[in-house]
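Single-letter residue listing:
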Amino acid sequence: IDDLIQDGVAGKRVFVRADLNVPLDGTAITDDGRIRAVQPTIAKLAAAGAKVIVASHLGRPKGAPDPAFSLAPAARRLGELLGQDVAFATDTVGESARSVTSQLADGQVAVLENLRFNAGETSKDDAERGAFADQLAQLADLYVGDGFGAVHRKHASVFDLPERLPHAAGDLIATEVGVLKKLTEDVKRPYVVVLGGAKVSDKLGVIDNLLKKADRILIGGGMAYTFLAAKGHEVGISLLQKDQIPVCLEYLAEAEKRGVEFVLPADVLVSADFPDLKTKAPAHPDLVASDAIPADKEGLDIGPKTRELYAAKLADAGTVFWNGPMGVFEHPDYANGTKAVAQALLDADAFTVVGGGDSAAAVRLLGFDENAFGHISTGGGASLEYLEGKTLPGLAALED
Ligand code: 3PG
């Protein structure tokens, strides 16, 4: 982006592909981390006199306009953060987008409506995606890719559009790649990885790769129960991916072969009912050993013994990568596991990277100071796929 600015962006229309995919409660943004992360790039371009056109997806609408997924709240928040009026186009390449972007003065900013309201954005068909990218290209002179959270998607605005315009990477992408790259190179040991979240299948590739890099892998969250089942334990009605049990067994064997400590919860909080996340009514969970989950209950957080165990396993870490909450942290009765891991990361004298929308949001929603962590990534799937060693379409498109 600095090269682009040096060449002169004043008076030019610069398309910034951001990731403004923030969690919403109705129209209220519950965590604005992703907007704050890309705001400096937008401010920098505006200060250099560019006409900045910001575009993003939000959620997974079905290729047609859907008010529940409007980017209007994100545009408003961006305006507050920038301290300037931000125009909003109510479509992506239609009448409103053309009119709003053509009226921008130098240094002004506009946000387009959700790119996924157009089926061409996510189409698997190259021609359909290309046609949408052609339309987007007409709105701008230059392209800046800075939506790190979406770089693993081969989508029109991420992959096809930069082919059509002179392009550069923004500061957020540069920072994210710089940090994640460090984790793939020489890391300070012990290198401890904490993985949580719902599904084993989402993390297959990364576990595979991390088994070659990490010294310890601590497992929590919904994915822990498939590993516990693989070890022959009853997991009741906990989240279970039966088809992944053979894969879990393979990982456990591979960890042993490589001398990687693979740690599973020792105790868990269980309940017959999923907690009410709206009212946050007391859930009254039971505490059981992880090999004694009753048949009619599900595990919803790691227990106190596991919290202590994981804190001890993190205490001497040199490097930590954490992805995925330890339990249903949105409910106070099931937030302690995630809180304990966040606190252990802060207490350790380690380089700490938190990846994944949920864990990043959890850290902030649970009241931790995000600046106290080494790096909080805006990428969930993107950071995992980067660490898997995959080629990410949105980075490849910016490389030449
Ligand atoms: C994310 O939240 O990980 C990114 O915004 C990508 O969203 P997606 O998984 O819907 O493509």
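Per-chain numbering applies: the sequence of each chain, read as written, is numbered from 1 onward. In view of the model being predicted, local features appear only for residues whose pLDDT reaches at least 70, and side-chain atom pairs are presented and counted only at 80 or more, with totals across whole chains, interfaces and linings using the full set of residues.

- As annotated in an unreviewed UniProt entry, the chain carries the name Phosphoglycerate kinase and comes from Streptomyces lunalinharesii.
- UniProt positions are given in the numbering used here, feature names are shortened, and annotations may be inferred rather than shown by experiment. Taken directly from UniProt, the Subunit (unreviewed entry) text for the chain runs: "Monomer."
- Among the UniProt annotations of the chain, the heading Sequence similarities (unreviewed entry) holds the following wording: "Belongs to the phosphoglycerate kinase family."

**Remarks on the UniProt feature "binding site: substrate" (unreviewed entry) in the chain**
Then, in step 1: The sites that carry the UniProt feature "binding site: substrate" (unreviewed entry) are, in the present numbering, Asp-19, Leu-20, Asn-21, Arg-34, His-57, Leu-58, Gly-59, Arg-60, Arg-116 and Arg-153.
Then, in step 2: Helical segments are the DSSP runs of H or I of at least four residues, strand segments are the runs of E of at least two, and each set is numbered from the N terminus. For Asn-21, the position within the fold is in the loop between strand E1 (13–17) and strand E2 (24–25).
Then, in step 3: For Asn-21, a count of 24 C-beta atoms within 10 Å translates into the label buried.
Then, in step 4: Excluding anything up to four places from it in sequence, Asn-21 contacts Arg-34, Ser-56, His-57, Leu-58, Gly-59 and Gly-149.
Then, in step 5: Its location among the elements puts Leu-58 in the loop between strand E4 (51–55) and helix H3 (72–82).
Then, in step 6: Apart from residues no more than four positions distant in its own chain, Leu-58 is found in contact with Leu-20, Asn-21, Phe-69, Leu-71, Ala-74 and Asn-114. Using C-beta atoms placed from the backbone, we call a residue buried if 20 or more other C-beta atoms fall within 10 Å of its own, exposed if 12 or fewer do, and partly exposed for counts in between. A residue pair is marked as a contact if its C-beta atoms, positioned from the backbone, fall within 7 Å.

**Regarding the nonpolar core**
Then, in step 1: Ranked by size, the top nonpolar core spans 123 residues in total, and within it Val-14, Phe-15, Ile-53, Val-54 and Val-320 carry the most contacts.
Then, in step 2: In terms of residues, this core owes the most to one element, helix H2 (residues 33–47), which gives 6 residues.
Then, in step 3: In contact with Phe-15, other than residues within four places in its own chain, are Ile-53, Ala-55, Leu-136, Leu-139, Ala-140, Leu-142, Tyr-143, Leu-161 and Leu-165. We call a set of buried Ala, Val, Leu, Ile, Met, Phe, Trp, Tyr and Cys residues a nonpolar core when their C-beta atoms link them within 7 Å.

**Concerning the packing of helix H7 (residues 171–184) against helix H14 (residues 381–388)**
Then, in step 1: Axes here refer to lines fitted to C-alpha atoms; in helices the fit is confined to the stretch in contact. Angles between the N-to-C directions go from 0 to 180 degrees. Viewed as axis vectors pointing N to C, H7 and H14 meet at an angle of 40°, and their least axial separation amounts to 9 Å. Taken together, the axes of H7 and H14 are oblique relative to one another. Considering only the axes of H7 and H14, their crossing is right-handed. Taking contact as the criterion, the partners of Leu-180, Leu-183 and Thr-184 in H7 are, on H14, Ser-383, Tyr-386 and Leu-387.
Then, in step 2: Under this grouping Gly is polar, as are all residues other than the nonpolar Ala, Val, Leu, Ile, Met, Phe, Trp, Tyr, Cys and Pro and the charged Asp, Glu, Lys and Arg. Here the contact of H7 with H14 is built from residues that sort into 4 nonpolar, 2 polar and no charged. Should an angle lie under 35 degrees it is considered roughly parallel, over 145 roughly antiparallel, and from 65 to 115 roughly perpendicular; all remaining angles are considered oblique. In this scheme the crossing of two helices becomes right-handed for a clockwise turn of the near helix relative to the far one and left-handed for an anticlockwise turn of less than a right angle.

**Overview of H3**
Then, in step 1: Taken residue by residue, H3 has Ala-74, Ala-75 and Leu-78 as its buried positions. Along the axis of H3, the buried positions cluster into a sector of 100°, meaning they face one direction only.
Then, in step 2: In this structure, the buried residues of H3 make contact with strand E3 (28–29), H2, E4, strand E5 (86–88) and strand E6 (109–111).
Then, in step 3: In the segment just after H3, Gly-83 is the residue with positive phi, at about 70°. Read the arc as the range of directions from the helix axis to the C-beta atoms.

**Considering the site of the ligand**
Then, in step 1: Put plainly, near means the residue's C-beta atom, positioned from the backbone, lies within 6 Å of the molecule or strand in question. Near the ligand, the surroundings consist of Asp-19, Asn-21, Arg-60, Gly-149, Ala-150, Arg-153, Gly-357, Gly-380 and Gly-381.
Then, in step 2: Residues of the shell around the ligand, tallied by class, amount to 1 nonpolar, 5 polar and 3 charged.

**So, the sheet that holds E4**
Whenever strands of a sheet pair, they do so through backbone hydrogen bonds, lying parallel or antiparallel.
Then, in step 1: What the 6 strands build is an open sheet, ordered E5-E6-E4-E1-E7-E8; its pairing is parallel. Where the open sheet ends on each side, the last strands, each with one partner, are E5 and strand E8 (167–169). Each strand axis lies, on average, 25° off the axis of its neighbour in the sheet, ignoring direction.
Then, in step 2: Only strands joined by at least two bridges in the DSSP assignment are considered to pair. Bridging between strand E7 (residues 142–145) and E8 involves 3 bridges; their strand directions are parallel. In the strand pairing of E8, Gly-145 is matched with Ala-169.
Then, in step 3: Each of E4, E5 and E6 is contacted by H3, which is oriented at about 170° to E5, the strand it contacts most.

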